[in-house]
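Per-entry structural report
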Amino acid sequence: MLQNYTFKGQKNIAIGENSLKNSSFGAFNTSIGYDAMANSSGSDNNVAIGLNALIKNQDLPNASFGMNTSIGNYSLFSAINVERSVGVGMSSGNGYSYGSDNIFIGYHSGVTDPGISYYNSMAIGNDAVVNVSNKVVIGNSSVTQIGGYATWSNYSDKRLKKILFILLIWVWILLNN
């Protein structure tokens, strides 16, 4: 059933019963599935696919939340005020209510505390959860090994090394004059 209940939104696509039903002011959203984005208000540029996907996302006064991708039944289900976040898999983004720039991939991946904001975090795998911002978690407590064919490496910024080298030369000149 193709429906678009959006009262003041524009250029939205809603496919499925109650999809975007109570949405207001949202624009450029794609919502596919029963109750997908059904209670979203004022949120723009989202993709929600699945039963109850991204059902609660909304704007606060003087804030704009959107640009989310939610694929899977109940993915980003608790996301109230989130932006630029991704949930892929059933119940992905579990407990995630506030924040931005987070990625949740896998069944029931999410956060430990739904009452706080999370930023720039990633949880990958079945029941993988993050407990703070700026953290990446791969797997859950049952994972016994993570590996690959190459060694893990930290990125190095050549520009910073060049600046540091120039500063060291200046310090050496100042100390030796």
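Note that the coordinates shown come from a computational prediction; the quantities given were computed from them, not determined experimentally.

On to the overall build of the protein chain. The helix and strand tally for the protein chain stands at one helix and 13 strands. Reading the helices (α) and strands (β) of the protein chain from amino to carboxyl end gives β-β-β-β-β-β-β-β-β-β-β-β-β-α. Pairs at least 24 apart in sequence give 2% of the contacts found in the protein chain among residues at least 6 apart.

Another point: unusual backbone geometry. The phi angle at leucine 20 is positive, at roughly 60°, despite the residue not being glycine. One can find leucine 20 in the loop between strand S1 (13-15) and strand S2 (30-32). Residue classification places leucine 20 among the buried positions, given a relative accessible area of 0%. The phi dihedral of asparagine 120 falls on the positive side, at around 55°, and the residue is not glycine. Relative to the helices and strands, asparagine 120 is located in the loop between strand S10 (117-119) and strand S11 (122-124). Among the residues examined, asparagine 120 registers a relative accessible area of 47% and is labelled partly exposed.

Turning to the nonpolar core, a few remarks are in order. Looking at soluble globular proteins, one finds that nonpolar side chains tend to be buried together. Core analysis: the largest hydrophobic core is formed by 18 residues, its most contacted members being Ala48, Leu54, Leu76, Tyr96, Phe104, Val111 and Val130. Look past the residues within four positions of leucine 76 in its chain and what remains in contact with it is Leu54, Ile55, Asn68, Thr69, Ser70, Ser85, Val86, Gly87, Ser92, Gly93, Tyr96 and Phe104.

Attention now moves to the pattern of salt bridges. Following the criterion strictly, the structure yields two salt bridges and no others. One salt bridge connects glutamate 83 with arginine 84, and the closest N-O pair in it is separated by 3.4 Å. Taking the relative accessible area as the measure of exposure, arginine 84 reaches 38% and is therefore partly exposed. Residues participating in the shared-partner salt-bridge network are Glu83, Arg84 and Asp101.

Further remarks concern the sheet that holds S10. The strand order across the open sheet built from three strands is S5-S7-S10, with neighbouring strands paired in parallel fashion. Pairing within the sheet leaves two strands with one partner each, and these edge strands are strand S5 (81-83) and S10. Sheet twist, expressed as the mean angle between neighbouring strand axes with direction ignored, is 10°. Looking at chain direction, strand S7 (residues 98-100) and S10 are connected through three bridges and run parallel. Within the sheet, the bridge partner assigned to tyrosine 98 lies in S10 and is serine 117.

Mapped onto the secondary structure, threonine 30 falls in strand S2. For threonine 30 and isoleucine 13, which are 17 residues apart along the polypeptide, the C-alpha to C-alpha distance reads 4.8 Å.

Definitions and cut-offs
- Residues numbered from 1 in each chain as written.
- Predicted model: local features only at pLDDT ≥ 70, side-chain atom pairs only at ≥ 80, totals over all residues.
- Heavy atoms only, no water.
- Helix = DSSP H or I, 4+ residues; strand = E, 2+ residues; numbered from the N terminus.
- Contact = heavy atoms within 4.5 Å.
- Buried < 20%, exposed > 50% of the residue type's maximum accessible area, 1.4 Å probe, protein only.
- Core = buried A, V, L, I, M, F, W, Y, C linked by side-chain atoms within 4.5 Å.
- Salt bridge = Lys/Arg side-chain N within 4 Å of Asp/Glu carboxyl O.
- Pairing = 2+ DSSP bridges.
- Axes fitted to C-alpha atoms, helices over the stretch in contact; angles between N-to-C directions.

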